[in-house]
Amino acid sequence: MPDQRVLGVDTSLRSSGVGVVEARGSSYQCISWDRIRNPASRSHSESLAHLYREMEQFILRDKPDVVAIEGIFFSKNVRTAVTLGQARGVVLAVCALHKLEIFEYSPRSVKQAVVGNGNAHKEQIARMIKVLLSLDEEPPDDAADALALAISHLHQSRLGLAKAKKL
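Basis of the calculations
Residues numbered from 1 in each chain as written. Predicted model: local features only at pLDDT ≥ 70, side-chain atom pairs only at ≥ 80, totals over all residues. Heavy atoms only, no water. Salt bridge = Lys/Arg side-chain N within 4 Å of Asp/Glu carboxyl O. Helix = DSSP H or I, 4+ residues; strand = E, 2+ residues; numbered from the N terminus. Buried < 20%, exposed > 50% of the residue type's maximum accessible area, 1.4 Å probe, protein only. Lys, Arg positive; Asp, Glu negative; His and termini not counted. Contact = heavy atoms within 4.5 Å. Axes fitted to C-alpha atoms, helices over the stretch in contact; angles between N-to-C directions. Left-handed = near helix turned anticlockwise from the far one by under 90°. Nonpolar A, V, L, I, M, F, W, Y, C, P; charged D, E, K, R; others polar. 1 Å grid on protein atoms, 1.4 Å probe; cavity = no way out; pocket = protein on both sides within 12 Å on 5 of 7 lines; lining within 4 Å. Points joined across faces, edges and corners; volume = space filled by probe spheres on them. Parallel < 35°, antiparallel > 145°, perpendicular 65-115°, else oblique.

### Quick word on the pattern of salt bridges
For the structure shown, the criterion picks out 5 salt bridges. Close ionic contact of lysine 122 with aspartate 145 constitutes a salt bridge, the shortest N to O distance being 2.4 Å. In this pair, lysine 122 is assigned in helix α4 (residues 122-132) and aspartate 145 in helix α5 (residues 141-159), connecting sequence segments 23 residues apart. When salt bridges with common partners are traced through the structure, they connect Arg5, Glu22 and Arg24 into a single cluster.

### Section: the side chain of aspartate 10
Along the polypeptide, aspartate 10 turns up in strand β1 (residues 4-10). Although aspartate 10 is buried, it forms no salt bridge, and the closest oppositely charged side chain is lysine 122 at an N-O distance of 4.8 Å. Residues contacting aspartate 10, with those up to four places away along its chain left out, are Ser15, Ser16, Gly17, Glu70, Asp142, Asp145, Ala146 and Leu149.

### Side note on the packing of helix α1 (residues 44-62) against helix α2 (residues 78-97)
Across the interface, α1 lies against α2 with an axial gap of 9 Å and an inter-helix angle of 35°. When the axes of α1 and α2 are compared, the crossing they make is right-handed. On α2, the residues that touch His44, Leu48, Leu51, Tyr52, Met55, Glu56 and Ile59 of α1 are Thr83, Gln86, Ala87, Val90, Val91, Val94, Cys95 and Leu97. Across the contact of α1 with α2, the residue classes break down as 11 nonpolar, 3 polar and 1 charged.

### What about the layout of surface pockets?
Of the pockets and cavities examined, the largest pocket occupies roughly 170 Å³. Taken together, 13 residues form the lining of the largest pocket, with Glu70, Lys111, Lys122, Ile125 and Asp145 sitting closest to its centre. Those elements that provide at least two residues to the lining of the largest pocket are α3 (107-115), α4 and α5. Here the lining of the largest pocket gets 4 residues from one element, more than from any other, and that element is α5.

### Things to note about unusual backbone geometry
Notably, lysine 63 is not glycine yet its phi reads approximately 45°, a positive angle. Here lysine 63 lies in the loop between α1 and β4 (66-70). For serine 134, which is not a glycine, the phi torsion comes out positive at approximately 50°. Structurally, serine 134 can be placed in the loop between α4 and α5.

### Section: the packing of α3 against α4
If you want to describe how two helices pack, look at the angle between their axes and the distance between the axes. Relative orientation of the contacting elements α3 and α4 amounts to 45°, with a least axis distance of 10 Å. When the interaxial angle is binned, α3 and α4 end up oblique. You can see that α3 and α4 cross each other, and the crossing is left-handed. Here α3 contributes Lys111, Val114 and Val115 to the contact with α4, which in turn contributes Gln124, Ile125, Met128, Ile129 and Leu132.

### Remarks on the environment of glycine 71
Mapped onto the secondary structure, glycine 71 falls in the loop between β4 and α2. Exposure remark for glycine 71: the relative accessible area of 9% places this residue in the buried category. C-alpha separation for the pair glycine 71 and leucine 13, spaced 58 residues apart in sequence, amounts to 15 Å. In contact with glycine 71, other than residues within four places in its own chain, are Arg88, Glu104 and Tyr105.

Put into structure tokens, the structure is as follows:
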């Protein structure tokens, strides 16, 4: 498989994790990671616009080949589900406008691919990301989840598994 650069995105309105991982031969290298933050004082519409602009900057700077995003989950709180859906829509739109293929992964499959346990806790994911990417420090949860999404996509692409839903 040729080298591939994957943008992983763990979407939320207030703190979206983003991370770019590149496959180089049989090893992975972290290109960048961060969190796109929106303070509670920022209006909903301004937060969505900020998310769009920041996502676009990641895409333009790091030039990913594809995007891996977390699949939709079910929430009992309708307001939370709608807000997350709007943030996710912004991320999907900016990626689509930049003509990036987008793949969706369930949280369980990402945990399984990265930690080997579909019920892994956030701390386990961050610890494993630090090891897999030879990072000096554990990234914050949102960024670790984004990097885990990117690694999960690379693992599944290499193995020829069709566990991802292409959006």
